[in-house]
Amino acid sequence: MESKELSQEIERLLAGANAAIKEAQSYLISQGEVVDLSDWVTVKEYCKRFGIKNQETVMNWINRGIVPAQNIRFVEEFNNTRLIRAVPYNVKPAKIA
């Protein structure tokens, strides 16, 4: 792919992402929610940001209550997408006796 074509493809993808963000923000506002989407990310994006190797680890944290309930949101209208507040959670390994 030539440089110009690559640049156009990147611009197209960015435009699509921006449109999706605006749609999500509009929906949340219409439901009475004001959410800064830079603070809330999908589990997949959370793993990327914090260098976690698999999504199951974060899902386990959610299920075990390591991630507080107030730091989790479900957006039913977007295929039950689970959002998690983008803050690091300190999980200490269990000590072996």
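Just so we're clear, the structure is a prediction, and the values are computed from it rather than from any experiment. The residue numbers shown here count from 1 along each chain, following its written sequence. For a predicted model such as this one, the threshold for reporting local features is a pLDDT of at least 70, and the threshold for listing and counting side-chain atom pairs is 80 or more; totals across whole chains, interfaces and linings nevertheless cover every residue. With hydrogens and water stripped out, all remaining heavy atoms of the structure feed into the side-chain values.

## Overview of the pattern of salt bridges
Any two side chains of opposite charge can pair if their charged atoms end up close together. Put simply, the rule reads: Salt bridge, as used here: a side-chain nitrogen of Lys or Arg that lies within 4 Å of a carboxyl oxygen of Asp or Glu. Under the DSSP-based scheme used, a helix requires at least four consecutive residues in state H or I and a strand at least two consecutive residues in state E, with every element numbered from the N terminus.
Inspection of every chain in the model, using the stated rule, returns two salt bridges. When the shortest N-O distance is used, the salt bridge between E9 and R12 registers 2.6 Å. Of this pair, E9 and R12 both sit in helix α1 (residues 3-30), three residues apart, which is roughly one turn of that helix.

## Re the environment of T57
Note the cut-off: A 3.5 Å cut-off defines polar contacts: any pair of N or O atoms within that distance qualifies, except that in protein one atom must be a possible hydrogen donor and the other a possible acceptor, and neighbouring residues in sequence count only when both atoms are side-chain atoms.
In this structure, T57 sits in helix α3 (residues 55-64). Side-chain polar atoms of T57 contact the side chain of N54, separated by 2.7 Å.

## Quick look at the packing of aromatic side chains
Two numbers describe a pair of aromatic rings. These are the distance of the centres and the angle of the planes. For the record, the criterion: Two rings from Phe, Tyr or Trp (for Trp, the six-membered ring) form a pair when their centres sit within 6.5 Å of each other. Planes less than 30 degrees apart are called stacked, planes more than 60 degrees apart edge-to-face, and all others tilted. Throughout this description, buried means an accessible area under 20% of the type-specific maximum (1.4 Å probe, protein chains only), exposed means over 50%, and partly exposed covers the range between.
Within the structure shown, the criterion is met by two aromatic pairs. A centroid spacing of 4.6 Å and a plane angle of 40° characterise the contact between Y46 and F50, whose relative ring orientation is tilted. In this pair, Y46 and F50 are both assigned in helix α2 (residues 43-50), four residues apart and thus about one turn of the helix distant. Each ring, one from Y46 and one from Y89, has its centre 6.0 Å from the other, and the planes form 35°; the classification is tilted. Within this pair, whereas Y46 is found in helix α2, its partner Y89 is found in the segment after β3 (81-85), the two being separated by 43 residues in sequence. Taking the relative accessible area as the measure of exposure, Y46 reaches 1% and is therefore buried. Taken together, Y46, F50 and Y89 form an aromatic cluster joined through their ring pairs.

## Digging into the nonpolar core
So the rule is basically this: Nine residue types can take part in a nonpolar core, namely buried Ala, Val, Leu, Ile, Met, Phe, Trp, Tyr and Cys, and a core is a set of them joined through side-chain atoms within 4.5 Å. Contact definition: two residues touch when any of their heavy atoms are within 4.5 Å.
In this structure, Y46, V58, W61, I62, V67 and I84 are the most contacted members of the largest nonpolar core, which totals 13 residues. Taken together, the elements giving at least two residues each to this core come down to α2 and α3. Discounting residues that sit within four places of it in the chain, Y46 has contacts with V41, I52, V58, W61, I84, R85, A86, V87, P88 and Y89.

## Observations regarding the sheet that holds strand β2 (residues 72-75)
Pairing between the strands of a sheet comes from backbone hydrogen bonds, and it takes one of two forms, parallel or antiparallel. This is how it is decided: Between any two strands, at least two bridges found by DSSP are needed for them to pair. Angles run from 0 to 180 degrees between N-to-C directions of axes, and those axes are lines fitted to C-alpha atoms, restricted for helices to the stretch in contact.
The three strands lie next to each other as β1-β3-β2, forming an open sheet whose pairing is antiparallel. Taken across any chain shown, the strands that pair with only one partner, and hence form the sheet edges, are β1 (40-42) and β2. Across the sheet, the mean angle separating the axes of adjacent strands is 35° when strand polarity is ignored. Where β2 lies against β3, four bridges are found, and the strand directions are antiparallel. In the sheet register, R73 faces β3, and the bridge partner there is L83. Packed onto the sheet, α2 meets β1 and β3 and runs at close to 105° relative to β1.

## Points about the side chain of N71
You can see N71 is positioned in the loop between α3 and β2. There is a polar contact of 3.1 Å between the side chain of N71 and the side chain of Y89. Once residues within four sequence positions are removed from consideration, N71 is found in contact with W40, L83, I84, R85, V87 and Y89.

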